[in-house]
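# Coordinates in review
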Amino acid sequence: MDELIGKVAGMIRESQRVVVFTGAGVSTESGISDFRSPGGIWSRYDPEDFTIQRFVADREARKRNWRLRRELVTANYQPNAAHRAIAELERIGKLSCVITQNIDGLHHTAGNTEAAIVELHGTMKDAKCLSCDDRLSLIQVLGRIDQGEEDPHCRKCGGLLKAATVSFGEAMPEREMRRAEECSRECDLFIVIGSSLVVFPAASMPLIAKRAGATLVIINSTPTDMDSAADVVIHGMAGSVMEAIMEQVRGQRSGPA
Ligand code: APR
């Protein structure tokens, strides 16, 4: 493991344009369940409830969807060492962007700038109207639910309100997809942290980077289907691995003693 950590630190030192790609595994050490590990969200909620078709058609599914939003919002999660390491990569001028599948906003909280963050699956910060696309804060809508409005509708047009996350079957955000593809094509080092890489089109980004000539690193606690395509694979915990890598990047950057 130490040798691999040193190798990735050296790659970061040599790189000018690093893209970090994160999944739910980067937030589990902050206390947020991921989706596909044992006990993950899809073992407690039915993913079918989170398709846009079911959300639109089934009032009970909408209520279960709002219950999960409430669970995620109330706990006031904080960034962990992995998020802090990714924010440090931006501070030292190495990061071109962090493409995240996560909706928890922890890259913002950890200090990455709005300009550097690409939220491919939307955000839990906001809610949106599915008819007129009006945007409002999710907290505001949860407040209305607390007041007894079980199935909140848009006060402008009467359309259905939904968390501004991308549900299965829903169109991907065009601007974010273009930005993610561009960053993936132009980077020289692509680091995946905490993703099973099974949900497309998000999971196509490491392949786009690899095809464009970037070095691919995968840091994940369990094997992924793309491990064989990676130049370096580290099976470990995101927090401790990224902390160790950044210690070496700092150490190497200070040059010979
Ligand atoms: N450190 C490193 N890896 C971890 C850690 C950790 N602390 N905790 C979990 N992992 C790994 C798991 O082993 C798993 O392979 O992170 C991966 C998380 O995979 P998923 O749960 O599938 O999450 P993700 O890849 O983000 O899912 C993609 O699927 O359901 C949709 O929209 C949802 O954005 C999500 C998308």
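Use the structure listed above.
Read on for an overview of the structure. (Residues numbered from 1 in each chain as written. Predicted model: local features only at pLDDT ≥ 70, side-chain atom pairs only at ≥ 80, totals over all residues. Heavy atoms only, no water.)

### Regarding the sheet that holds strand β6 (residues 161-165)
Judged by pairing direction, the sheet is antiparallel, and its 3 strands sit side by side in the order β5-β4-β6 without closing on themselves. Strands at the two margins of the open sheet, each flanked by one partner only, are β5 (135-137) and β6. Put simply, the sheet's adjacent strands are angled 45° from each other on average, direction ignored. Bridge count for strand β4 (residues 122-129) against β6 is 4 bridges, and the pairing is antiparallel. Across the sheet, the residue bridging to lysine 128 is lysine 162, located in β6. Sheet strands in contact with helix α4 (residues 59-74) are β4 and β6, and its direction is about 50° off that of β6. Most of the contacts of helix α7 (residues 138-146) go to β5, to which it runs at about 70°, and overall it touches β4, β5 and β6. (Pairing = 2+ DSSP bridges. Helix = DSSP H or I, 4+ residues; strand = E, 2+ residues; numbered from the N terminus. Axes fitted to C-alpha atoms, helices over the stretch in contact; angles between N-to-C directions. Contact = heavy atoms within 4.5 Å.)

### Side note on α4
The end-to-end C-alpha separation of α4 is 22 Å, in line with the 22 Å expected for 16 residues at 1.5 Å each. Listed in full, the buried residues belonging to α4 are Ala61, Arg62, Lys63, Asn65, Trp66, Leu68, Arg69 and Leu72. Where α4 is buried, its residues touch α2 (41-44), α3 (52-57), β4, α7 and β6. The opening residue of α4 is aspartate 58, an N-cap whose side-chain oxygen sits 2.8 Å from the backbone nitrogen of glutamate 60. Asparagine 76 lies just past α4 and shows a positive phi near 50°. (Expected span 1.5 Å × (residues − 1). Buried < 20%, exposed > 50% of the residue type's maximum accessible area, 1.4 Å probe, protein only. Polar contact = N/O pair within 3.5 Å; in protein donor to acceptor, adjacent residues only side chain to side chain.)

### Description of the site of the ligand
Lining the immediate surroundings of the ligand are 23 residues, of which Phe35, Arg36, Ser195, Ser196 and Thr222 lie closest. Phenylalanine 35 is positioned with one of its backbone polar atoms (N or O) 2.8 Å from an oxygen atom of the ligand. Separating an oxygen atom of the ligand from a side-chain N or O atom of asparagine 220 is a distance of 2.9 Å. Here the ligand, which alone exposes 740 Å², has 94% of that area covered by the protein. The class makeup of the residues in the shell around the ligand is 7 nonpolar, 13 polar and 3 charged. Residues lining the shell around the ligand come from more than one domain, with at least three contributed by each of domain 1 (1-31 + 78-121 + 172-257) and domain 2 (33-74 + 125-165). (Near = heavy atom within 4 Å. Areas by Shrake-Rupley, 256 points an atom, 1.4 Å probe, with all protein chains shown as cover. Nonpolar A, V, L, I, M, F, W, Y, C, P; charged D, E, K, R; others polar. Domains from an automatic or database assignment.)

Structural measurements only, silent on function.
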